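# Inside the fold
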Amino acid sequence: RQGGAEGLPPQGYGAILANINRNVLLADAPAYAAAMAPGGWLAISGFFDFDAAVLAERLRALGFVLSRENQEGGWACQVWQKGPGA
């Protein structure tokens, strides 16, 4: 499926890739959490490295656990796993 989070049905996805800016990622984070199965993976990218902390705070609050993070040339990406019961 390709498109915005506004049409994302809560189907228990095993993986979601979101490559967009910080503000959209922050706004769409609850939709990602609702659409993912426990244990599912969320990969986010397309944001500046200095925005990584605010995104991490938001995703942790939604029950995600950081698995990997990479920063290069001022850009960042993170891979999160949805915790059980989240």
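Everything here concerns the structure above.
Numbers given for residues are sequential positions, taken from 1 along each chain in its written order. Note on the predicted model: pLDDT of at least 70 is required for a residue's local features to be given, and 80 or more for side-chain atom pairs to be given and counted; whole-chain, interface and lining totals, by contrast, use all residues. The side-chain numbers reported here are obtained from all heavy atoms of the structure, hydrogens and water having been left aside.

Bringing the overall build of the protein into the picture now. Across its full length, the protein carries 2 helices and 4 strands. Sequence-ordered secondary structure for the protein, helices as α and strands as β, is β-α-β-α-β-β. Computation of the radius of gyration draws on C-alpha atoms, with the globule rule given as 2.2 Å multiplied by the number of residues to the power 0.38. The C-alpha atoms of the protein give a radius of gyration of 12 Å, which matches the 12 Å a tight globule of 86 residues would have. Taking the principal axes of its C-alpha atoms as reference, the protein extends roughly 35 × 25 × 15 Å. Counting the 86 residues in the protein, one finds 33% classified as buried. What makes two residues a contact is simply this: any of their non-hydrogen atoms within 4.5 Å. A fraction of 60% describes how many contacts in the protein between residues 6 or more apart in sequence connect residues 24 or more apart. Summed over all atoms, the accessible surface of the protein reaches about 5000 Å², with 53% contributed by carbon and sulfur. Counting from the N terminus, the helices are DSSP H or I runs at least four residues long and the strands are E runs at least two residues long. Relative accessible area decides the class of each residue, using a 1.4 Å probe on protein chains only: under 20% of the type maximum gives buried, over 50% gives exposed, and in between gives partly exposed. Computed with a 1.4 Å probe, the accessible areas rest on the Shrake-Rupley method; for each residue, only the protein chains presented here act as cover.

With that settled, consider the sheet that holds strand β4 (residues 75-82). The 4 strands are arranged β1-β2-β4-β3 in an open sheet whose pairing can be described as mixed. One side of each edge strand has no neighbouring strand; the edge strands of this open sheet are β1 (13-19) and β3 (64-72). The sheet shows a mean angle of 10° between the axes of neighbouring strands, taken without regard to direction. When DSSP finds two or more bridges between two strands, those strands count as paired. Pairing between β3 and β4: 8 bridges, direction antiparallel. In the sheet register, V65 faces β4, and the bridge partner there is Q81. Interaxial angles span 0 to 180 degrees and are taken between N-to-C directions of axes, which are lines fitted to C-alpha atoms, for helices over the stretch in contact. Contacts between helix α1 (residues 22-35) and the sheet are confined to β1, β2 (36-48), β3 and β4, with β2 contributing the most and set at about 170° to the helix.

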